[in-house]
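For reference, the chains in residue letters:
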Amino acid sequence: MTPSNRLSSGRILVRGRVLSFKRRPNGAGDAAAYSYLEDGLVVIDAGRVTDVVEAGEIGRVGGEGVVLHDFSGKLILPGFIDTHIHFPQTQVIASYGEQLLEWLTKYTFPAESRYGDPDFAAAQAGFFIDELLRNGTTTAVCYGSAHKGSAEALLAESQRRGTAMFVGKTAMDRNAPPEVLDSAQSAHDDTAALIDAWHGHGRQKVVITPRFAITSTPEQLEALGSLARAHPECLVQTHLSENAEEVATVRRLFPDRADYLDVYDHYGLVGPRSLMGHSIHLTPREIVRMSESGAVAVFCPTSNLFIGSGLFDYKGLEGGRHPVRLALATDIGGGTSYSMLATAAEAYKVTQLRGQKLSALEAFHLMTRGNAEALGEPDLGRIAPGAHADLVVLDSAATPAMAHRLAASNGDLEEELFVLMTLGGDRNIQEVFVGGRPQGVRRAAP
Ligand code: GUN
Ligand code: ZN
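The rules behind these values
Residues numbered from 1 in each chain as written. Chains lettered and ligands numbered in written order. Predicted model: local features only at pLDDT ≥ 70, side-chain atom pairs only at ≥ 80, totals over all residues. Heavy atoms only, no water. Helix = DSSP H or I, 4+ residues; strand = E, 2+ residues; numbered from the N terminus. Contact = heavy atoms within 4.5 Å. Polar contact = N/O pair within 3.5 Å; in protein donor to acceptor, adjacent residues only side chain to side chain. Near = heavy atom within 4 Å. Areas by Shrake-Rupley, 256 points an atom, 1.4 Å probe, with all protein chains shown as cover. Nonpolar A, V, L, I, M, F, W, Y, C, P; charged D, E, K, R; others polar. Pairing = 2+ DSSP bridges. Donors = N, O, S within 2.8 Å, 3.2 Å for Na, K, Ca; no water. Tetrahedral: all angles 85-135°; square planar, octahedral: opposite > 155°, others 65-115°. Buried < 20%, exposed > 50% of the residue type's maximum accessible area, 1.4 Å probe, protein only. Salt bridge = Lys/Arg side-chain N within 4 Å of Asp/Glu carboxyl O. Axes fitted to C-alpha atoms, helices over the stretch in contact; angles between N-to-C directions. Parallel < 35°, antiparallel > 145°, perpendicular 65-115°, else oblique. Left-handed = near helix turned anticlockwise from the far one by under 90°. Expected span 1.5 Å × (residues − 1). Arc of directions from axis to C-beta. Core = buried A, V, L, I, M, F, W, Y, C linked by side-chain atoms within 4.5 Å. Phe/Tyr/Trp six-rings, centres within 6.5 Å; stacked < 30°, edge-to-face > 60°.

Novice: Account for the environment of aspartate 182, with residues named and values stated.
Specialist: Along the chain, aspartate 182 turns up in the loop between strand S8 (170-171) and helix H5 (184-198). Spatially, the C-alpha atoms of aspartate 182 and methionine 172 are 5.9 Å apart, while their sequence positions differ by 10 residues. Every residue in contact with aspartate 182, bar those within four places of it in the chain, is listed here: Lys169, Thr170, Ala171, Met172, Asp173, Ala187 and Gln220. A polar side-chain atom of aspartate 182 sits 2.6 Å from a polar atom in the side chain of lysine 169.

Below is the structure:
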């Protein structure tokens, strides 16, 4: 066997406590929802998992030229997936004192205007992917700025790293400063060109991305709806019912539509490939329509709390008479942490404020397989033969407070996961593998 720091194009073994979900857990204690090896080996060949075995089988799966990465005692999970994040908002995060519409005008649009400069966008793309990986996130669904070059910069950087990224050029042709506006035609043509050049290129995917109904004219929504019909392989992402003033503005702008969701629906933008960011203030009709269309409501708890938008009805949407598909996301820069662990902690608090409970099993399922299913990507979010070898290695006792808390937990896995999501963050990320390649995230940390 070869030491872990030697490069090899052959088989790779990663040893540790291997946890992967088989299905959505039905609350706490649902041990049948996951597979867990206390001392396991993830066997990787050509960027994919080929087997997951007990460490005792190392003689069978190891051998000459095989590289072993030994993380015995550490948790190995599928790399986290962030289903809604804004690439041009890394310098908007932590902006003071405004709710959504003023926050967009005062902080966000000026920051996004800088991404018209391709050199600036390229430099920011490096930081962005570094930061995701440092937090254990190996795949993200990203909004670019209105500039096609911003999406190109991020896709190119992701291609260089071998990560699987979903990226959209944000379409917006009204109600914002000219530096961040496109047109109905250019949004259509730029997105179509991105799809031609990038969708399915390596691990990159292009997302059709109308920002939200307030910044798109009916003509632009029409153009993007026709693009979505022409490209059913592409995800659609947008924002929906995040903030009360936003909802009232959409009603004024589209008086002929039944409600906010109906605006997008009218233009063919609502279906099982649609990711509807926030989805907080939904009417009963919208919930029924979300359910029957298979659209995904994307829960962004740190953002919803920080911008003061409202409390997402997690259990009401998931388990109501009309169940809605759910995903979890950071929504940087409205969101306040790149960490999906910290995001899960805030999700838990939002459910508490609504008298609901989000178990650690449900949260970790969401961050991995649940989010992969929301994207329709069966080869992401799980550690099993055939899946991409995107892994995160977690040190649950990385801080004195966490080690101290875990010393009282009797080694219970669910309790450890709950401590991880409640107290955890980037410091718990010991290593990340992308397509089977270790990223050295601890070394890259400042
Ligand atoms: N609605 C429209 N654009 C945005 C955005 O950039 N962030 C958030 N949180 N909501 C939005
Ligand atoms: Zn957003």
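Novice: Provide a residue-level description of the site of ligand 1, including the pertinent values.
Specialist: Neighbouring ligand 1 are 13 residues; His86, Gln89, Arg211, Glu242 and Asp331 lie closest to it. Arginine 211 is positioned with one of its side-chain polar atoms (N or O) 2.7 Å from an oxygen atom of ligand 1. The contact in question runs from a nitrogen atom of ligand 1 to an N or O atom on the side chain of histidine 278, over 3.5 Å. Within the complex, 100% of the 280 Å² of free accessible area of ligand 1 lies under protein. A per-element tally of the shell around ligand 1 places helix H2 (residues 100-113) first, with 3 residues. The class makeup of the residues in the shell around ligand 1 is 5 nonpolar, 5 polar and 3 charged.

Novice: Which residues make up the pairing of strand S3 (residues 48-54), and what are the values?
Specialist: The pairing of strand S2 (residues 34-45) with S3 spans 6 bridges and is antiparallel. Its bridge partner lying in S3, valine 42 is registered against valine 52. Between S2 and S3, which pair antiparallel and follow one another directly, the connecting turn spans 2 residues, one of which, alanine 46, has a positive phi of 50°.

Novice: Give a description of the coordination of the zinc ion (ligand 2) that names residues and reports values.
Specialist: The coordination sphere of the zinc ion (ligand 2) contains the protein donors His84 (NE2), His86 (NE2), His239 (NE2) and Asp331 (OD), at a distance range of 2.0 to 2.4 Å. Angles of 91 to 165° at the metal separate the 4 donor atoms of the zinc ion (ligand 2), which places the site in the irregular class. We note that the donor set of the zinc ion (ligand 2) lies within a single chain, spaced as H-x1-H-x152-H-x91-D. Taken together, the residues histidine 86 in strand S5 (residues 80-86) and histidine 239 in strand S11 (residues 236-240) connect sequence positions 153 residues apart. For the residue pair histidine 86 and histidine 239, the accessibility class agrees, reading buried in each case.

Novice: Describe the pattern of salt bridges, and please don't skip the residues or the numbers.
Specialist: Per the counting criterion, the structure on display carries 31 salt bridges. Here glutamate 57 ties to arginine 60 by a salt bridge, and the two come within 2.7 Å at their closest N and O atoms. Take glutamate 57: its relative accessible area is 30%, and that puts it in the partly exposed class. For the salt bridge of arginine 285 with aspartate 259, the shortest nitrogen-to-oxygen distance reads 2.6 Å. Taken together, the residues arginine 285 in helix H9 (residues 284-293) and aspartate 259 in the loop between helix H7 (244-253) and helix H8 (260-266) connect sequence positions 26 residues apart. Note on arginine 285: relative accessible area 35%, which makes it partly exposed. Using a relative accessible area of 6% as the deciding quantity, one classes aspartate 259 as buried.

Novice: Pulling in residues and values, what's your account of the sheet that holds strand S6 (residues 137-143)?
Specialist: An order of S5-S6-S7-S9 is seen for the 4 strands of this open sheet, with the pairing classed as parallel. Each having just a single partner strand, S5 and strand S9 (205-206) make up the two edges of the open sheet.

Novice: So what's going on with the packing of helix H3 (residues 118-134) against helix H4 (residues 148-161)? Which residues, and what values?
Specialist: With their axes 9 Å apart at the nearest point, H3 and H4 run at an angle of 50° to one another. Between H3 and H4, the crossing angle belongs to the class labelled oblique. Helix-helix and strand crossings are classified by hand; for H3 and H4 the assignment is right-handed. In this structure, H3 uses Ala121, Ala122, Ala125, Gly126, Phe128, Ile129, Asp130 and Leu133 to contact H4, whose residues at the interface are Gly149, Ser150, Ala153, Leu154, Glu157, Ser158 and Arg161.

Novice: Give me H5: which residues, what numbers.
Specialist: With 15 residues, H5 extends 21 Å between its outermost C-alpha atoms, agreeing within 8% with the 21 Å of an ideal straight helix rising 1.5 Å per residue. By the burial criterion, the buried members of H5 are Ala184, Ala187, Thr191, Ala192, Leu194, Ile195 and Trp198. With its buried residues spanning 160° around the axis, H5 presents them on a single face. Of the exposed residues in H5, the ones pointing more than 90 degrees away from its buried face are Gln185 and Asp196. At its buried positions, H5 is contacted by H4, S8, S9 and helix H6 (218-230). Trailing H5 by a residue or two, glycine 200 shows a phi angle of about 85°, which is positive.

Novice: Account for the nonpolar core, naming residues and giving values.
Specialist: In terms of nonpolar packing, the biggest core is built from 103 residues, with Phe80, Tyr264, Met290, Phe364, Met367, Leu394 and Leu417 touching the most fellow members. Looking at which element gives the most residues to this core, the answer is H3, with 7 residues. Ignoring sequence-local partners within four residues, the contact set of tyrosine 264 consists of Phe212, Ala213, Thr238, His239, Leu240, Leu269, Val270 and Met276. Among the nonpolar cores identified, the runner-up in size contains 15 residues, and Ile81, Val296, Cys300 and Ala374 belong to it.

Novice: So what's going on with the packing of aromatic side chains? Residues and values would help.
Specialist: Aromatic ring pairs are described here by two measures, namely the spacing of the ring centres and the angle between the planes. For the structure on display, the rule yields 10 aromatic pairs. Taking 5.3 Å as the distance between ring centres and 70° as the angle between the ring planes, the aromatic pair formed by phenylalanine 87 and phenylalanine 128 counts as edge-to-face. Here phenylalanine 87, found in the loop between S5 and H2, pairs with phenylalanine 128, found in helix H3; they are 41 residues apart in sequence, far enough to count as distant. Among the residues examined, phenylalanine 87 registers a relative accessible area of 0% and is labelled buried. Judged by centre distance (6.0 Å) and plane angle (50°), the ring pair of phenylalanine 299 and tyrosine 314 falls under tilted. Within this pair, whereas phenylalanine 299 is found in strand S13 (residues 296-299), its partner tyrosine 314 is found in helix H11 (residues 314-319), the two being separated by 15 residues in sequence. For phenylalanine 299, a relative accessible area of 0% puts it in the buried group. For tyrosine 314, a relative accessible area of 2% puts it in the buried group. Each residue in the set Phe87, Tyr115, Phe120 and Phe128 is aromatic and connected to the rest through ring pairs, giving one cluster.

Coordinates in, geometry out; function isn't part of it.
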